[in-house]
Amino acid sequence: MLLIVETAVKLGCIYALVSLALYLSFRILNIADMTTDGCFVLGGAVSVVCALHGHPVAGIVMAMIAGSLAGLITAVLQTRLGVPSILAGIITNTGLYTINLAVMGWSSNVSLLKADTVFSLFKGLTHNKYSDLLLCLMITVLIIVLVRLFLSTRLGLSIRATGDNPDMVAASSIDPGKMIRIGLCLSNSLTALSGALACQLQRSADMNAGTGIVVIGLACLVIGETLLNGRKSLLRNIAACLVGSIIYRLIYAFILKTHVIPIDCLKLM
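Residues numbered from 1 in each chain as written. Predicted model: local features only at pLDDT ≥ 70, side-chain atom pairs only at ≥ 80, totals over all residues. Heavy atoms only, no water.

K.L.:
Give me the overall build of the protein: which residues, what numbers.
P.N.:
Within the protein one finds 11 helices and 2 strands. Its helices and strands taken in sequence order, the protein reads α-α-α-α-β-α-α-α-α-α-β-α-α from the N to the C terminus. Relative to the 2.2 N^0.38 estimate, which gives 18 Å for 269 residues, the radius of gyration of the protein is 18 Å and therefore close to what a compact globule would have. With respect to the three principal axes, the spread of C-alpha positions in the protein is 55 × 45 × 40 Å. When each of the 269 residues of the protein is scored for burial, the buried share is 49%. The contacts of the protein with a sequence gap of at least 6 include a subset with a gap of at least 24, amounting to 78%. Total accessible area on the protein is roughly 12900 Å²; 67% of this is exposed by carbon and sulfur atoms. Of the side-chain charges in the protein, 18 are positive and 11 negative, and the distance between the mean point of each set is 7 Å. (Helix = DSSP H or I, 4+ residues; strand = E, 2+ residues; numbered from the N terminus. Rg over C-alpha atoms; globule rule 2.2 N^0.38 Å. Buried < 20%, exposed > 50% of the residue type's maximum accessible area, 1.4 Å probe, protein only. Contact = heavy atoms within 4.5 Å. Areas by Shrake-Rupley, 256 points an atom, 1.4 Å probe, with all protein chains shown as cover. Lys, Arg positive; Asp, Glu negative; His and termini not counted. Charge placed at Lys NZ, Arg CZ, Asp CG, Glu CD.)

Given below as structure tokens:
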């Protein structure tokens, strides 16, 4: 049972980054960004390929850069070409299928069983049996703190204002299109980071790994916001991403352990 809880918390921390990314796009920018599914796989594919070449840590960084570029494409389609936001995300997500296949060497699955990952390297440094859990917690908490600090800066406040009232932002000599581009780059870099960590933890990248990620991320966000429904604050809203993601994974693990419903019905549940 302890192993199940540990696994649920690890995955909860990793997928909390997707919820945080959706919080930035969906809640702050008020944009339904559908790039998430493809961007998650993109981050995983880039990190796994880099790890196969002996650079697992660099793979995490490269995954975030690749994710931000995917977000930039979506933002440019929306702000420069006038494509509706939801359609812009769908277009990018569709194109990413081919990009992801190309990154993975035109293979639908890439294994990391014989290569080092950030988790194996960290375990070698700490010699702790809970090193995977510790690393996931450290990375997620660090990202939460950095995002909280960023949203309190002048640029972060401008992004938040763009989501609330783009006309007012434009009247204040701030380019709302630029704020949207920065916001979507940031959110998709977090999605790619989540995919990179998930694939290195599971030691494989799969083309279907991102299926339904946007729905799962929103579900975690709603669960967290419902549980932390007191006085609204920026830190509470960001923390809701982590809390909701862990609760979601614990429910998932409970269903798998107790077999209260057939495994084939897991997605419906």
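K.L.:
Go over the state of the cysteines with me, naming the residues and quoting the values.
P.N.:
If you walk through the whole model with that rule in mind, you get 0 disulfides. Cysteine cysteine 185 is unpaired, with the sulfur of cysteine 39 as its nearest cysteine sulfur at 10 Å. On the basis of relative accessible area, cysteine 185 is assigned to the buried category, the value being 18%. In this structure cysteine 199 is a free cysteine whose sulfur lies 12 Å from that of cysteine 39, the closest cysteine sulfur available. (Disulfide = S-S within 2.5 Å.)

K.L.:
Give me a nonpolar patch on the surface: which residues, what numbers.
P.N.:
A grouping of Val5, Leu227, Val243, Ile247, Leu250 and Ile251 is seen on the molecular surface, where their side chains present a nonpolar patch of about 410 Å² in accessible area. A per-element tally of the nonpolar patch places helix H11 (residues 234-258) first, with 4 residues. Looking at the secondary structure, you find isoleucine 247 in helix H11. (Patch = residues over 30% accessible without salt bridge, like charges linked within 9 Å, V, L, I, M, F, W, Y side chains within 5 Å. Salt bridge = Lys/Arg side-chain N within 4 Å of Asp/Glu carboxyl O.)

K.L.:
Which residues make up the side chain of threonine 117, and what values do they have?
P.N.:
Along the polypeptide, threonine 117 turns up in the loop between strand E1 (109-111) and helix H5 (118-126). Beyond its immediate stretch of four places on either side in the chain, threonine 117 contacts Pro56, Leu112, Gln200 and Arg203.

K.L.:
If you had to explain the environment of threonine 211 to someone new, which residues and values would you point to?
P.N.:
Inspection of the secondary structure puts threonine 211 in the loop between strand E2 (204-206) and helix H10 (213-227). Classification of threonine 211 as exposed rests on a relative accessible area of 54%. Placed 175 residues apart in sequence, threonine 211 and threonine 36 show a C-alpha to C-alpha distance of 9.4 Å. In contact with threonine 211, not counting residues within four places along its chain, are Asp37 and Lys267. Polar side-chain contacts of threonine 211 include one of 3.1 Å to the backbone oxygen of asparagine 208. (Polar contact = N/O pair within 3.5 Å; in protein donor to acceptor, adjacent residues only side chain to side chain.)

K.L.:
Could you give me a rundown of helix H1 (residues 2-28), with the residues and numbers involved?
P.N.:
For H1, built from 27 residues, the straight-helix expectation of 39 Å at 1.5 Å per residue is met to within 8% by its first-to-last C-alpha distance of 36 Å. Along H1, the sharpest kink reaches roughly 30°, centred on isoleucine 14. Along H1, 20 of the 27 residues are buried, which leaves the element largely enclosed by surrounding structure. Phi turns positive, to about 60°, at asparagine 30, one or two residues after H1. (Expected span 1.5 Å × (residues − 1). Bend = angle between axes of the 7 residues up to and from the residue.)

K.L.:
Lay out the environment of glycine 95 with the relevant residues and their values.
P.N.:
Along the chain, glycine 95 turns up in helix H4 (residues 85-103). A C-alpha to C-alpha distance of 32 Å links glycine 95 and threonine 7, two positions 88 residues apart in sequence.

K.L.:
Hey, could you go over the nonpolar core for me, with residue numbers and the actual values?
P.N.:
Leu20, Tyr23, Val147, Leu197 and Ile238 are the most contacted members of the largest nonpolar core, which has 56 residues in total. Breaking this core down by element, the ones donating at least two residues are H1, helix H2 (36-52), helix H3 (56-79), H5, helix H6 (131-150), helix H9 (176-202), H10 and H11. With 14 residues, H1 is the single largest residue contributor to this core. (Core = buried A, V, L, I, M, F, W, Y, C linked by side-chain atoms within 4.5 Å.)

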